[in-house]
Amino acid sequence: AQSVAQPEDQVNVAEGNPLTVKCTYSVSGNPYLFWYVQYPNRGLQFLLKYITGDNLVKGSYGFEAEFNKSQTSFHLKKPSALVSDSALYFCAVRDMGMNTGFQKLVFGTGTRLLVSP
Amino acid sequence: SAVISQKPSRDICQRGTSLTIQCQVDSQVTMMFWYRQQPGQSLTLIATANQGSEATYESGFVIDKFPISRPNLTFSTLTVSNMSPEDSSIYLCSVPRGAGSGEAFFGQGTRLTVV
């Protein structure tokens, strides 16, 4: 089964500084990788995805992610953090449901990003 | 894009009772997904609901505990039956964003507390 790991429960960064939220993956075959963000009292929102092509993927709100096959990583990055970026970030990988045969998303445990003014 | 509305947004329930969560989508979709997000943990897929057929459940989830209805292409319900405090979670409805990519839209979730 496919899986992703987010080694950090929380990341703290000052506004204006670059941020990185880490994600590593374990997959068989070519990975379909995603980042989602969850703001307080709101559902998950799609940020970006990697399927094939350029290793640097650009997404919403100025975020980007770098796919690194040798390190099996898909870290989320932003050059200059905003206080409004404070939220819960989930890395995810596409998998096939063992019972269902349908595609599904397998999520990491999430990383809380806190951006201080 | 799809707009997903979930009701209720939150509830506090007594153990042993059941709660039905509604999910309404503003467009017709073939597949709908129900996820659980336990406190401090990740999202876990409960089941996939296709219109016109029974829902298919992931390992560890059973229909008796989490019955699902899918009466049409824009609506689904998830019932959490015979609740215990361990069922306290956020339950999220989701629909695919495009075909085959794995992307998804999510509702805002239902925060359930069982006392």
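Notes on the structure in this doc start here. This is a predicted model, so every value here is computed, not measured. (Residues numbered from 1 in each chain as written. Chains lettered and ligands numbered in written order. Predicted model: local features only at pLDDT ≥ 70, side-chain atom pairs only at ≥ 80, totals over all residues. Heavy atoms only, no water.)

## Section: the interface of chain A and chain B
Selection criterion: Throughout, a contact is declared for two residues whenever any of their heavy atoms are within 4.5 Å. For salt bridges, the criterion is a side-chain nitrogen of Lys or Arg within 4 Å of an Asp or Glu carboxyl oxygen. Polar contacts, as counted here, are pairs of nitrogen or oxygen atoms within 3.5 Å of one another; within protein the pair requires one atom able to donate a hydrogen and one able to accept it, and residues that are adjacent in sequence qualify only if both atoms are side-chain atoms. Strands are runs of DSSP state E lasting at least 2 residues, helices are runs of H or I lasting at least 4, and numbering of each runs from the N terminus.
If you look at the interface, chain A gives 25 residues, while chain B gives 25 residues. Viewed at the interface, chain B and chain A are joined by 2 salt bridges. The salt bridge partner of Lys49 of chain A is Glu103 of chain B, with a shortest N-O separation of 2.4 Å. At the junction of chain A and chain B, the tally comes to 7 residue pairs in polar contact (both at pLDDT 80 or more). A total of 4 residues in the side of chain A that touches chain B trace back to one element, the largest contributor, which is strand S11 (residues 103-107) of chain A.

## Examining the side chain of Asp95 of chain A
We count it as follows: Under the scheme applied here, a residue whose accessible area is under 20% of the maximum for its type counts as buried, over 50% as exposed, and between as partly exposed, the area being computed with a 1.4 Å probe on protein chains only. His is not counted here, nor are the chain ends, while Lys and Arg score as positive and Asp and Glu score as negative.
On the secondary structure map, Asp95 of chain A appears in strand S10 (residues 87-96). Of the side chains with opposite charge, Lys104 of chain A comes closest to the buried, unpaired Asp95 of chain A, at an N-O distance of 5.0 Å.

## Considerations on the nonpolar core
Soluble globular proteins tend to pack their nonpolar side chains together in the buried interior. To keep things clear, this is the line we draw: To qualify as a nonpolar core, a set must consist of buried Ala, Val, Leu, Ile, Met, Phe, Trp, Tyr and Cys residues joined through side-chain atoms within 4.5 Å.
Ranked by size, the top nonpolar core spans 28 residues in total, and within it Trp35, Leu47, Leu48, Phe74, Leu76 and Tyr89 of chain A carry the most contacts. Listed by contribution, the elements that provide at least two residues to this core are strand S2 (10-14), strand S3 (19-21), strand S5 (33-38), strand S6 (44-50), strand S8 (64-68), strand S9 (73-78), S10 and strand S12 (111-116) of chain A. No other element matches S10 of chain A, which puts 4 residues into this core. Ile4, Ile46, Ala47 and Leu78 of chain B belong to the second-largest nonpolar core, a separate cluster that totals 27 residues.

## Quick look at the environment of Val13 of chain A
All names here are of chain A. You can see Val13 is positioned in strand S2. On the basis of relative accessibility, which here comes to 10%, the residue Val13 falls in the buried class. A sequence separation of 101 residues divides Val13 from Leu114, and the C-alpha atoms of the two residues are 6.4 Å apart. Every residue in contact with Val13, bar those within four places of it in the chain, is listed here: Pro18, Leu19, Ala81, Leu113, Leu114, Val115 and Ser116.

Shape descriptors only; they carry no functional weight alone.
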